[in-house]
Amino acid sequence: MENVKAIFEPKTVALIGSSRIKEKVGMASPQLFENVVYNMRKFFRGKTYVLDVDANAEYTGVDELPETPDMAVLMLPPEQSIEQAEKCAEKRVKALVGITGGYKDNQRGRLLKLKEEYGVRILGPNTIMGVINAANGLNTTFERDVMPRKGSIAVICQSGGVGACLLDWACFYNVGISKLAFMGDKIDVDDVDLLRYLGEDEETKVVCLYMEGIKKGREFIEEARKIVKKKPIVVLKGGITEESVKRAKSHTASIAGSDEIFNAALKKAGIIRVEDIEELMNSAIALSKQPPMHGDNIAIVSNVGGPAILAADAVARNNLKLAALSDETKRKIEGLYPGVDATNPIDMIADARAERYSKVLELVLKDKSVDGVLIINMLKSCFFEPEDAEVIPKIARKYPGKPIVDVPAGGEDFALVYKVLGDTNIPLYNLPEKAVKALKALRLYGRVLDKH
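Below is a short write-up of the structure. These numbers were taken from a predicted model, which means no experiment stands behind them.

1. Some details on the environment of Leu 287
Consideration 1: Within the fold, Leu 287 resides in helix α10 (residues 277–289).
Consideration 2: By relative accessible area, Leu 287 is classed as buried at 10%.
Consideration 3: Sequence separation between Leu 287 and Leu 15 is 272 residues, and the spatial gap between their C-alpha atoms is 35 Å.
Consideration 4: Setting aside residues no more than four positions away along its own chain, Leu 287 makes contact with Val 206, Pro 232, Val 234, Ile 272, Ala 441, Leu 442 and Tyr 445.

Below, the structure written as structure tokens:
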């Protein structure tokens, strides 16, 4: 695993490309090369060597460098990339990241021989954007100035496009990322290798995967079963319909496989499966910020009626339950606020502010029948102000074993409350249904831990 570690934690990196290339195959271009160089020089806190094979540059080959780099990033068309990979392997470079694509089977085979002969580990080819490590600034993406905030969510992606979407999401919502890897064609380093590395990575609390196919299914499941005892794994699978299976095979040289078998294997391993990109990120945020839920019973605390009812419907659809609050909890809430009906879901009425949220939330969390809480705090049509939300993490800290998610429903309301709570351990969602799915992920992980 030492050479896999070099993909994420190199001290020295060689960037190999061309500023003059005219052959545009599989993303190889001067623009891509220049932008990766820009990002690495701006963000990476190790040593970067730039090898321009077609220019009168300081370095044009790896044999000219004053030291052997830990990792090399290949950004040339297939034949030239293979030539450079051979030189790197001979110099005992630990790892190669193949950004560009367009490789034929025989060319992939030639790359794989380098691994077998020299032990160099290869990510890709056709990774498109390679790797990000937010801790050391490693960033081989070619979108200038794109760097997520350092955090605890790791993303492994077989598709450059899906990975780019998740990267954009993380940057837009300021979601903390630990590592991000685009796998591409997976001729060598694959899901199992990356899982094994991230399972031991202290900076990663949650592992997210987008997969189209898997070659070493048994190894993957066995590795996942070990990891889920320490940290959750969330998977989004592409290629579940007949037509998309065909597309997945041509897309990244993968075989999608039977979805029913795949689903059964994930359950056996304790992996949480989601249905779309948004649910993947929403689940990861909840799992990185909140404790697992060890029961099915949800309490809903809201300042509006309709969204609370929609939340209750979503609870039922996701195989969770509305908590049956104790008579004592109901009596105390209704004693404090005579106009409030303390039946779950609790509608605290549109004039609820920080004080009411604080007291009702505390009483609900104290209730032994409650396993998790969904809060709704709308601003429009209500008296609630964004700063009122500050009481939520304060109360939550008193009950660290019960997860809480918050729903400032809508667009502008969500943005205003996000400014207040975005950096806290309270996950926020703009619709009740999304928050319920996040609680479902926490419950699924609670079941995994309960089995172990």
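2. What about the sheet that holds strand β4 (residues 95–98)?
Consideration 1: The sheet built from five strands is open, its strands ordered β2-β1-β3-β4-β5 with parallel pairing. Either end of the sheet is taken by a strand with one partner, and the two such strands are β2 (47–52) and β5 (121–123). Here the average twist between neighbouring strands, direction ignored, is 20°.
Consideration 2: Here six bridges tie strand β1 (residues 12–17) to β2, and the two strands are oriented parallel to one another. Looking at the pairing, Ile 16 lines up with Leu 51 of β2.
Consideration 3: The sheet strands contacting helix α3 (residues 78–90) are β1, β3 (71–74) and β4, and the helix crosses β3 at an angle near 170°.

3. What to know about the pattern of salt bridges
Any two side chains of opposite charge can pair if their charged atoms end up close together.
Consideration 1: According to the stated counting rule, one finds 28 salt bridges in the structure shown.
Consideration 2: We note a salt bridge from Arg 121 to Asp 193, for which the minimum N-O separation is 3.1 Å. Pair noted here: Arg 121 is in strand β5 and Asp 193 is in helix α6 (residues 191–200), with a separation of 72 residues, a long-range link.
Consideration 3: The buried category is assigned to Asp 193, whose relative accessible area is 7%.
Consideration 4: Between Lys 186 and Asp 191 there is a salt bridge; the shortest N-O distance is 2.8 Å. Across the pair, exposure class does not vary: Lys 186 and Asp 191 are buried alike.

4. Side note on the packing of aromatic side chains
Consideration 1: Per the counting criterion, the structure on display carries eight aromatic pairs.
Consideration 2: Ring centres of Trp 169 and Tyr 173 lie 5.5 Å apart, and the angle between their planes is 45°; this geometry places the pair in the tilted category.
Consideration 3: Note on Tyr 173: relative accessible area 27%, which makes it partly exposed.
Consideration 4: Seen from the ring of Tyr 38, Arg 144 lies directly overhead, with NZ or CZ sitting 4.3 Å from the centre.

5. Observations regarding the pairing of β3
Consideration 1: Burial of β3 is two-sided: the residues Met 71 and Val 73 facing one way and the residues Ala 72 and Leu 74 facing the other way are all buried.
Consideration 2: Pairing of β3 with β4, which is carried by four bridges, proceeds in the parallel orientation. When the sheet's bridge partners are listed, Val 73 is paired in β4 with Val 97.
Consideration 3: Note on the crossover from β3 through α3 to β4: the handedness is right-handed.

Conventions and cut-offs
- Residues numbered from 1 in each chain as written.
- Predicted model: local features only at pLDDT ≥ 70, side-chain atom pairs only at ≥ 80, totals over all residues.
- Heavy atoms only, no water.
- Helix = DSSP H or I, 4+ residues; strand = E, 2+ residues; numbered from the N terminus.
- Buried < 20%, exposed > 50% of the residue type's maximum accessible area, 1.4 Å probe, protein only.
- Contact = heavy atoms within 4.5 Å.
- Pairing = 2+ DSSP bridges.
- Axes fitted to C-alpha atoms, helices over the stretch in contact; angles between N-to-C directions.
- Salt bridge = Lys/Arg side-chain N within 4 Å of Asp/Glu carboxyl O.
- Phe/Tyr/Trp six-rings, centres within 6.5 Å; stacked < 30°, edge-to-face > 60°.
- Lys NZ or Arg CZ within 6 Å of the ring centre and 35° of its normal.
- Right-handed = clockwise from strand over helix to strand, strands pointing away.

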